[in-house]
Amino acid sequence: SAAEKGGYDYFMLKEIAEQPKAVADTLLGRIGADGQLTLDELRISDAQLRQVDKVVIVACGTAFHAGMIAKYAIEHWTRIPCEVEVASEFRYRDPILDDRTLVIAISQSGETMDTLMALRHAREQGAKVLAICNTNGSTIPRESDAVLYTHAGPEVAVASTKAFLTQLVACYLVSLYLGQVRGTKWDRETFGVIELLGHAPHQVEQVLRTMEPVRELARSLADAHAVLFLGRHVGYPVALEGALKLKELAYMHAEGFAAGELKHGPIALIEHGLPVVIVVPSPRGRAVLHDKIVSNIQEIRARGARTIVIAEEGDEAVAPYADHLIRIPATPALLQPLVATVPLQVFACELATAKGHEVDQPRNLAKSVTVE
Ligand code: G6P
């Protein structure tokens with residue numbers, strides 16, 4: 001009913017708008033005034049976490065993209081090797097696991113069968129499993145050794161939005177907590193990141209307030225045949241997520257690529273008028289990544305692509321090559337997905353609506369896939 005949708009036409013719009021609160025609720029009570037993290041509910045001791053010598057993340061769909069981003073954070077902040085894999089592939093390749101492996105299973109519903117089977121396999125091999133989940137008491141956290149709940153509230157729309165942002169928050173918290181208990185990389189940088197993570201709800205709110213031009217752009221592209229998405233570092237999974245949203249909602253051919261791979265194939269797809277969305281890393285992070293992507297933008301634009309550039313405020317180097325420039329607030333490099341994903345959600349939702357699609361219940365998809 002209209003009341004359930006809180007005055008919005010679709011649950012998806014409501015859930016996109018709820019993201020600042022979802023992020024704030026997921027942070028709540030977990031960051032102390034001294035910048036120390038407390039994850040009391042974890043049910044896995046600090047001593048056990050100190051033993052971990054490998055992290056393996058398993059998940060499906062949007063949650064898998066959160067896992068890809070977590071890999072960058074875990075390896076950078078903890079120096080523990082981390083793998084990430086779609087849950088459906090995991091157990092069939094005979095993965096190498098033991099009691100020092102921490103497996104992180106990410107799932108909004110807690111009922112995805114592929115993810116459940118992956119975690120059962122991991123526990124049989126002696127690995128410890130930590131669930132990151134949005135649904136209290138669901139099967140995946142019940143069968144795990146430990147759980148960190150995301151507090152997104154119920155997500156009704158099939159395409160995940162607020163659950164994704166809270167999965168990212170939970171992944172950052174787990175990565176930083178691992179760093180804290182192990183004393184690795186626990187320095188000025190990490191304290192700064194923890195403080196700035198606290199600003200994320202406000203920054204997401206800021207992005208949401210500036211989305212009208214993105215909606216207009218989406219409507220103007222309703223007849224496009226395909227859209228490409230490029231990113232690198234944590235912007236690469238963001239590009240994959242942007243493409244997934246467009247497939248799910250607008251039934252369009254949409255592909256995400258690592259921008260560095262452009263020259264190894266995807267550049268052959270560039271033709272006149274093709275919309276290409278580029279997620280630009282902060283120029284204040286690794287400047288080399290930023291500069292490489294700026295030259296990618298130049299290359300594809302020279303070949304006639306219509307460039308839709310998502311870049312940090314104050315990044316002027318990209319402006320001359322952007323047909324459409326979408327600004328996001330400055331964040332530490334690893335946290336950028338929290339703000340960069342939001343325009344892509346709005347873009348897909350509006351484009352699908354312009355095509356007349358039912359955004360809350362896309363064809364052939366289920367909110368939770370309980371078969372393998
Ligand atoms: C389905 C949904 C996706 C979701 C995926 C994983 O495919 O349509 O939106 O990302 O399942 O779901 P989970 O509940 O495990 O996060």
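Residues numbered from 1 in each chain as written. Predicted model: local features only at pLDDT ≥ 70, side-chain atom pairs only at ≥ 80, totals over all residues.

Looking at an unreviewed UniProt entry, one finds the protein chain named Glutamine--fructose-6-phosphate aminotransferase [isomerizing], with Kitasatospora gansuensis as its source organism. What the UniProt record of the protein chain gives under Subcellular location (unreviewed entry) is the line "Cytoplasm". Of the comments in the UniProt record for the protein chain, the one headed Function (unreviewed entry) reads "Catalyzes the first step in hexosamine metabolism, converting fructose-6P into glucosamine-6P using glutamine as a nitrogen source." (UniProt positions renumbered as here; feature names shortened; annotations may be inferred.)

Glancing now at the overall build of the protein chain. In terms of regular secondary structure, the protein chain is built from 14 helices and ten strands. Over its C-alpha atoms the protein chain spans a radius of gyration of 20 Å, differing by no more than 12% from the 21 Å that the globule rule assigns to 372 residues. Overall, the C-alpha framework of the protein chain stretches about 55 × 45 × 45 Å when taken along its three principal axes. Expressed as a percentage of the 372 residues in the protein chain, the buried residues total 52%. A separation of at least 24 residues holds for 74% of the contacts in the protein chain among residues at least 6 apart in sequence. (Helix = DSSP H or I, 4+ residues; strand = E, 2+ residues; numbered from the N terminus. Rg over C-alpha atoms; globule rule 2.2 N^0.38 Å. Buried ≥ 20, exposed ≤ 12 C-beta atoms within 10 Å, placed from the backbone. Contact = placed C-beta atoms within 7 Å.)

In space, the five strands of this open sheet follow the order β2-β1-β3-β4-β5, with parallel pairing throughout. This sheet does not close on itself; its edge strands, each paired only once, are β2 (82-86) and β5 (146-149). Going across the sheet, the axis of each strand differs from the next one's by a mean of 20°, ignoring polarity. The pairing of strand β1 (residues 54-59) with β2 spans five bridges and is classified as parallel. Within the sheet, the bridge partner assigned to alanine 59 lies in β2 and is valine 86. Relative to the sheet, helix α4 (residues 61-78) contacts β1, β2 and β3 (101-107), its axis offset from that of β1 by approximately 165°. Running at roughly 165° to β3, helix α6 (residues 113-124) makes contact with β1, β3 and β4 (128-133) of the sheet. (Pairing = 2+ DSSP bridges. Axes fitted to C-alpha atoms, helices over the stretch in contact; angles between N-to-C directions.)

With that settled, the discussion passes to the site of the ligand. As a matter of local geometry, the ligand sits amid 16 residues, with Gly61, Ser107, Gln108, Ser109 and Thr112 nearest to it. Taken together, the residues of the shell around the ligand sort by class into six nonpolar, nine polar and one charged. (Near = placed C-beta within 6 Å. Nonpolar A, V, L, I, M, F, W, Y, C, P; charged D, E, K, R; others polar.)

With that settled, the discussion passes to the confidence of the model for the protein chain. Confidence along the protein chain averages 95 in pLDDT terms, with 99% of residues attaining 70 or more. Scored as a whole, the predicted complex attains pTM 0.97, and scored at its interfaces, ipTM 0.96. (pLDDT = per-residue confidence, 0-100.)

Before going further, it helps to examine the pairing of β3. Across a regular strand the side chains alternate sides, sitting on one face of the sheet and then on the other. Burial analysis of β3 places seven of its seven residues in the buried class, the great majority of the element. Burial along β3 is two-sided: Thr101, Val103, Ala105 and Ser107 facing one way and Leu102, Ile104 and Ile106 facing the other are all buried. Sheet topology places β1 next to β3; five bridges connect them, and they run parallel. Among the inter-strand pairings, isoleucine 57 is bridged to a residue of β3, identified as isoleucine 104. Direction of pairing for β3 relative to β4: parallel, over a ladder of six bridges. From the neighbouring strand, isoleucine 106 faces β4, where its bridge partner is isoleucine 132. Handedness of the β-α-β unit built from β3, α6 and β4 comes out right-handed. (Right-handed = clockwise from strand over helix to strand, strands pointing away.)

All right, on to helix α12 (residues 235-250) then. For α12, with 16 residues, the first-to-last C-alpha span of 22 Å sits near the 22 Å given by 1.5 Å per residue. With 15 of 16 residues buried, α12 lies mostly within the body of the structure. (Expected span 1.5 Å × (residues − 1).)

Looking at where proline 275 falls in the secondary structure, it is placed in strand β8 (residues 275-279). Along the primary structure proline 275 and alanine 226 are separated by 49 residues, whereas in three dimensions their C-alpha atoms are 7.4 Å apart. Apart from residues lying up to four places away in sequence, proline 275 is in contact with Leu221, Ala224, Val227, Arg306 and Ile308.

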